[in-house]
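Chain by chain, the residues run as shown.
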Amino acid sequence: MVSVVIPVHNAEKFIYDAMMSVVSQRYEDWEMLLVNDHSEDGSVQIIEDFIEQRRERKAVQEVRIMDAAGDRRGAANARNTGIDAARGKYIAFLDADDLWEPEKLSEQMEFQEKIGAEFTFTGYEFADETGISVDKIVNVPFRMDYRAALKNTTIFTSTVVFDAEKLGKELMARDELGVMPGGKCILQLRGVRPFLSDKYDYTQHPMYKYTADYDKKYTFDIEKYLHRRMKLKAEDQYDVIEA
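Calculation rules
- Residues numbered from 1 in each chain as written.
- Predicted model: local features only at pLDDT ≥ 70, side-chain atom pairs only at ≥ 80, totals over all residues.
- Heavy atoms only, no water.
- Helix = DSSP H or I, 4+ residues; strand = E, 2+ residues; numbered from the N terminus.
- Contact = heavy atoms within 4.5 Å.
- Pairing = 2+ DSSP bridges.
- Axes fitted to C-alpha atoms, helices over the stretch in contact; angles between N-to-C directions.
- Buried < 20%, exposed > 50% of the residue type's maximum accessible area, 1.4 Å probe, protein only.
- Patch = residues over 30% accessible without salt bridge, like charges linked within 9 Å, V, L, I, M, F, W, Y side chains within 5 Å.
- Areas by Shrake-Rupley, 256 points an atom, 1.4 Å probe, with all protein chains shown as cover.
- Salt bridge = Lys/Arg side-chain N within 4 Å of Asp/Glu carboxyl O.

A. Structural view of the overall build of the protein chain. A tally of regular secondary structure across the protein chain gives eight helices and ten strands. Sequence separation of at least 24 residues holds for 68% of the intrachain contacts in the protein chain that already meet a minimum separation of 6.

Have a look at this one:
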């Protein structure tokens, strides 16, 4: 099952269409989790009415609404709340003002399960607030390695599906980050849960011998630098400005 997580903050103009784009998926094994991030408009009422209508029709797929944990801390925190509540093996993100094409999940899940990927993403198209295309399409690159992924902004939140069983759902606390081994770092690709990765071994860099770690004589002394810069020379010219 795919758990579709939608963070919602003052999205009354868009949320119904976003929910309908999930309901219209040809892939039918999904649940929808709408995380209210302290909305002050009619978003919650629209969602609750939508859920009630599906309940009356005895729709198969479950749609749930919940509040984001804590104070308003943005879409990322709301997504984390949804991830914690998700029951699916796979988790997909959809922003409240975005739409999916009907075949989005079916084609993506077929591809992801075929290659056994931890996560996948798709291309996307820009549209105006009425959903009309503005003829700007971002295509998925044919190939992307680790370094390219760090520089590339192709990965868009609303296109990502990740395997929660392979990547995990655990959140990492600040204290855990503070004691993390020096050879590790947190890597975050846009739209994907942060994950632990090996750091680049900069001792292998050709310029490593010019670093303070290699030789203390290259240590930068800010006090000496400022002292040297603040000495006046006879040939120096300065403007005097009255404050």
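B. How the structure looks around the sheet that holds strand β4 (residues 90-93). Reading across from one edge, β3-β2-β1-β4-β8-β5 is the order of the six strands in this open sheet, with mixed pairing throughout. A strand with exactly one partner marks an edge of an open sheet, and here the two such strands are β3 (63-67) and β5 (119-120). Bridge count between β5 and strand β8 (residues 161-163): two bridges; the pairing is antiparallel. From the neighbouring strand, T120 faces β8, where its bridge partner is V161. Contacts from helix α1 (residues 15-23) reach β1 (2-8) and β2 (30-36), with the element oriented near 165° to β2. The sheet strands contacting helix α4 (residues 104-115) are β1, β4, β5 and β8, and the helix crosses β8 at an angle near 35°.

C. Spatial organisation of helix α3 (residues 75-85). Those residues of α3 not exposed but buried are N77, A78, R79, T81, G82 and I83. Packing partners of the buried residues in α3 comprise β1, β2, β3, β4 and β8.

D. Inspection of the pairing of strand β7 (residues 133-138) at higher detail. Bridge count between strand β6 (residues 124-127) and β7: four bridges; the pairing is antiparallel. Bridge assignment links A127 to a residue of β7, and that residue is S133. Hairpin connection between β6 and β7: a loop of five residues separates the two successive antiparallel strands, and G131 in this loop has a positive phi of roughly 90°.

E. Molecular detail of a nonpolar patch on the surface. Taken together, the side chains of M207, Y210 and Y218 make up a nonpolar region of the molecular surface, amounting to roughly 310 Å² of accessible area. Note that M207 resides in the loop between β10 (195-198) and α8 (222-229).

All quantities given are derived from atomic positions and should not be read as evidence of function.
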